[in-house]
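# A look at the structure
One letter stands for each residue in the lines below.
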Number of protein chains: 2
Amino acid sequence: MHRYERLADHLRERIQAGYYRPDDRLPSVRALAESHGVSLSTVQQAYHQLEDAQLILARPKSGYFVSPQRERPALPPVGRTAQRPVEVSQWEQVREGTCILPDTEIFHLGRGMPDIDAPTLKPLLRALSRVSRRQDLVGLNYDTLHGRPELREEIARLSVGHGCRLHPDELVVTTGCHEAISIAMRAVCEPGGIIAVDSPSFYGALQSIRAYGMKAMEIPTDPETGISLEALELALEQWPIRAIQVTPTCNNPLGYTLSVERKRALYALAQRFDVAIIEDDVYGDLAYAFPRPVTIKSFDEDGRVLLCSSFSKTLAPGLRLGWMAPGRYLERALHMKYVGTGSTATQGQMAVAEFIREGHFEPHLRRMRRQYQRNRNAMLDLIAEVFPLSTRISFPEGGFLLWLECDASVDTVALNTRLMTEGIRIAPGVMFSATGKYRSCLRLNYSLFDAATRQAVKRIGAILSESDPATAEDRIRASVLQESLSS
Amino acid sequence: MHRYERLADHLRERIQAGYYRPDDRLPSVRALAESHGVSLSTVQQAYHQLEDAQLILARPKSGYFVSPQRERPALPPVGRTAQRPVEVSQWEQVREGTCILPDTEIFHLGRGMPDIDAPTLKPLLRALSRVSRRQDLVGLNYDTLHGRPELREEIARLSVGHGCRLHPDELVVTTGCHEAISIAMRAVCEPGGIIAVDSPSFYGALQSIRAYGMKAMEIPTDPETGISLEALELALEQWPIRAIQVTPTCNNPLGYTLSVERKRALYALAQRFDVAIIEDDVYGDLAYAFPRPVTIKSFDEDGRVLLCSSFSKTLAPGLRLGWMAPGRYLERALHMKYVGTGSTATQGQMAVAEFIREGHFEPHLRRMRRQYQRNRNAMLDLIAEVFPLSTRISFPEGGFLLWLECDASVDTVALNTRLMTEGIRIAPGVMFSATGKYRSCLRLNYSLFDAATRQAVKRIGAILSESDPATAEDRIRASVLQESLSS
């Protein structure tokens, strides 16, 4: 890490912790250089980085200030879920959304797709090419069930970053986080069993519950504080739940991160009712806060947490490289890995291990976190401008996904059909519910905030505004005002 | 295909069809050149190729002759299976066999590992390297559930070779044949359901049955004529079987290929009892006969056959690239694909599609088929020499796997443990049974027949001979003879 990056992190931490508050004036470049024993240009570079992340702003001739508190749009309300375990439907919606080729003309604004065009990713392509060119027979051979040792070593080393001290032998490399979650569910729950999930919830997890003949107990989830522990406790008392499946850090689709206290409380609940926790941490490394939030796995003293993650959101989903730390369920997880895919493709593992070992992963993550945070802010500004006023929007603390709730009259499945004719796609809210709720909600991706994204968002906003009662009323009011002014 | 290869194929076909019989003299080089209108050197090249495959031999000054009929060692007897559906055990044996890294010192003579060091495979490594170097974003992106269109087109085109006319849209690319079989089982059978399997059977399929809470109905299988249709019919009458899982072409582990008539009869049985057929064709392209045997899928008129295959045995298992044609179960198969791995790694698909499109696949297959047939013969000769006389051996019609049955007193699990101390591994027979039968059997791999292989086989033979009653008796007789001669 460069000196200026260390300084920027230090300042970011202080801003996020509230030591510097919104609109506070920051120390002058000279003062900071002196107090930290660094050069003026180092301080300037650090300030530029924070400016870039829109955490601070420069006022000509006055210096640097903490950005004013963002006026947050209203968050979506807590969803109402069925108060019993349910079978999962909505496969048709999910299937439709996953059958679009990346090289077609459709602009898919709903998918969980990261930006894969960053320059910091180039060394990965070089590593992939090198692994093939080396004509190394290991890369063509079957891997073991566990996955390549050199990759597991890197994952174990990085686990310190989220509060764990995982050993390579505890890890299983998987074909994406998808396989990790799929394995985890089958490792802890029999067909017919019940799994508690946050709601709205990642549709891949919901569809696994469906495919393996299990039932989903959806737990109301607050867009700011996360899954309701009270509702979860009630559900655990009433139903023979086998596992809790959650995405507690940079939640998909709501964007919240459960506080450490609530993570601990969730773990304590799981202990009390002796159930497993399937922790999806796939967006965890993309948290905007520094250092990144700890995982529930980091408190795991009896091996009941099955931590699942991947390089699909941080590097590239086309690699299909995930991993899991299944705790006490390791043996069952290995069996499920064996019957699912046998082993994971070898060359990708070797290339990613090289990429991490050569030190490319951290700089890449830093870059992407900054980009995604900047895009979030820009996307929120744009939506506030072009969407109807009644729209409620999540405030993601990491990742690159936004959850919106439109006026109750809006049907986002119908919206999606209409958008398709214009070459645009969103992820309609029903995909995130076991029973087709969230019909007026949608998920948008802001991994990129280029001209095409802006145009698509504007187009969605325009269509929504056409039929929005409030907007129509506003318009009338505006035209009345216009008339009274001109008369 | 070169002219000499076409001629060699023509001659091979006539030898295999019995037009030329063992020890028959073949036409002179000059006569053949004239009758086929080709050059003398073309005929010579064709004869060299057949000599290389040990189908013919040259006798100095007399010309070329069809190789004498091989004296075949006795085949293993038909196994006795439980006459009811059973739960599958033996996971520990399978797990142990799959947790050895390819880059360790263990010489694994039991695994289904092809030779990945052939020069005809080099263009694949170049294609892989090129796909990465191209820095094509498609290769890093999520693929669709179906798999890359360019690869499905090649697979559909090649399907004519086994009597099918598959359409790319019928195909699903999978993470190895393992995932294809796993998907197929879940697509046709619920937990608790019964699947009929040949016996001995591929342990991966058996373990899938176990993992998904199904039961296996093992059907006695003849090492020459294949799965007993009579026993299968009886089982279908008695039990609510949902699907028949078979490897009818170049069976693993027995090596037989079901005749076309028996394949048709098997399909008719499936129709009569309205069950699905899961056809594992993973070794089918490695049949020594030309043209390769047709698949059961080629008769499929009502979509009940789920054909599963991969490039793991023909190209390289480390790619984890398989595919399936699930017939009428396509929609359920796509759902199972989605919840298992989401999609298949993208770059490998693109590289294999390039490799096939550029015409490298057929020459590679031809080379490997010749090599494996040559190795089979050499391996059979060596085993006849160094194993106890009581050993019964399969006579594979394709692929690179041999099934041996030792004296009933032999325990191949114990043998494997002993061999491990010498850095050698075999696949003990119990892995191929749902209930730990075939304890005196083992599977050996002859994809390579190098010095290390020969040494390992000799070592196994020596250990088996130590305790073999017949060998001991022979030895006494030999020494008595020796004594009587020297006295």
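Where an unreviewed UniProt entry is consulted, chain A appears under the name PLP-dependent aminotransferase family protein, with the organism given as Salinicola corii. Comment text from UniProt for chain A, heading Sequence similarities (unreviewed entry), reads "In the C-terminal section; belongs to the class-I pyridoxal-phosphate-dependent aminotransferase family."

Moving on to the relation of the copies chain A and chain B. For the pair chain A and chain B, the best superposition has an RMSD of 0.1 Å and corresponds to a rotation of 180° with a translation of 0.0 Å parallel to the axis. The operation mapping one copy onto its partner corresponds to a two-fold rotation axis. Nearest to the rotation axis, the C-alpha of Ser-129 of chain A is located 2.1 Å from it, this being the minimum over chain A. Both copies contact each other with a shared surface, as 100% of the interface residues of chain A are interface residues in chain B too.

Looking now at the domain arrangement of chain A. Residue and element names in this part refer to chain A. Domain annotation of chain A identifies domain 1 (3-66) and domain 2 (118-357). Computed from C-alpha atoms alone, the centre-to-centre distance between domain 1 and domain 2 is 36 Å. With 4 residues of domain 1 in contact, the opposing surface of domain 2 contributes 4 residues. Where domain 1 abuts domain 2, roughly 290 Å² becomes buried across the two surfaces, and 54% of that area is made up of carbon and sulfur atoms. Contact with domain 2 buries area across many residues of domain 1, yet Asp-9, Glu-13 and Gln-16 alone supply 86% of it, more than any other trio. Run the count over domain 1 and domain 2 and you get 0 salt bridges.

A few words on the interface of chain A and chain B. At the junction of the two partners, chain A supplies 68 residues and chain B supplies 68 residues. It is Leu-140, Tyr-142 and Tyr-338 of chain A in chain A that bury the most area against chain B; as a group they hold 14% of the surface buried on that side. Scanning the region where chain A abuts chain B turns up 2 salt bridges. Close ionic contact of Glu-331 of chain B with Arg-95 of chain A constitutes a salt bridge, the shortest N to O distance being 2.7 Å. Elements represented by at least two residues in the side of chain A that touches chain B include exactly α4 (91-97), α5 (122-133), α7 (176-188), α8 (203-211), α11 (330-341) and α12 (346-357) of chain A. The element contributing the most residues to the side of chain A that touches chain B is α11 of chain A, with 8 residues. Tallied by class, residues from the side of chain A that touches chain B come to 29 nonpolar, 25 polar and 14 charged.

Structurally, Gly-340 of chain A can be placed in helix α11. Sequence separation between Gly-340 of chain A and Thr-174 of chain A is 166 residues, and the spatial gap between their C-alpha atoms is 9.9 Å.

We now examine the pairing of strand β13 (residues 401-405) of chain B. Residues and elements named next belong to chain B. Extensive coverage of β13 is indicated by the burial of 5 of its 5 residues. Where strand β12 (residues 392-393) meets β13, 2 bridges bridge the pair, whose relative direction is antiparallel. Across the sheet, residue Arg-392 finds its bridge partner in β13, namely Glu-405.

Each value, and the rule that gives it
- Residues numbered from 1 in each chain as written.
- Chains lettered and ligands numbered in written order.
- Predicted model: local features only at pLDDT ≥ 70, side-chain atom pairs only at ≥ 80, totals over all residues.
- Heavy atoms only, no water.
- UniProt positions renumbered as here; feature names shortened; annotations may be inferred.
- Least-squares fit on C-alpha atoms with pLDDT ≥ 70 in both.
- Contact = heavy atoms within 4.5 Å.
- Domains from an automatic or database assignment.
- Buried area = accessible area lost by both parts, 1.4 Å probe.
- Salt bridge = Lys/Arg side-chain N within 4 Å of Asp/Glu carboxyl O.
- Helix = DSSP H or I, 4+ residues; strand = E, 2+ residues; numbered from the N terminus.
- Nonpolar A, V, L, I, M, F, W, Y, C, P; charged D, E, K, R; others polar.
- Buried < 20%, exposed > 50% of the residue type's maximum accessible area, 1.4 Å probe, protein only.
- Pairing = 2+ DSSP bridges.

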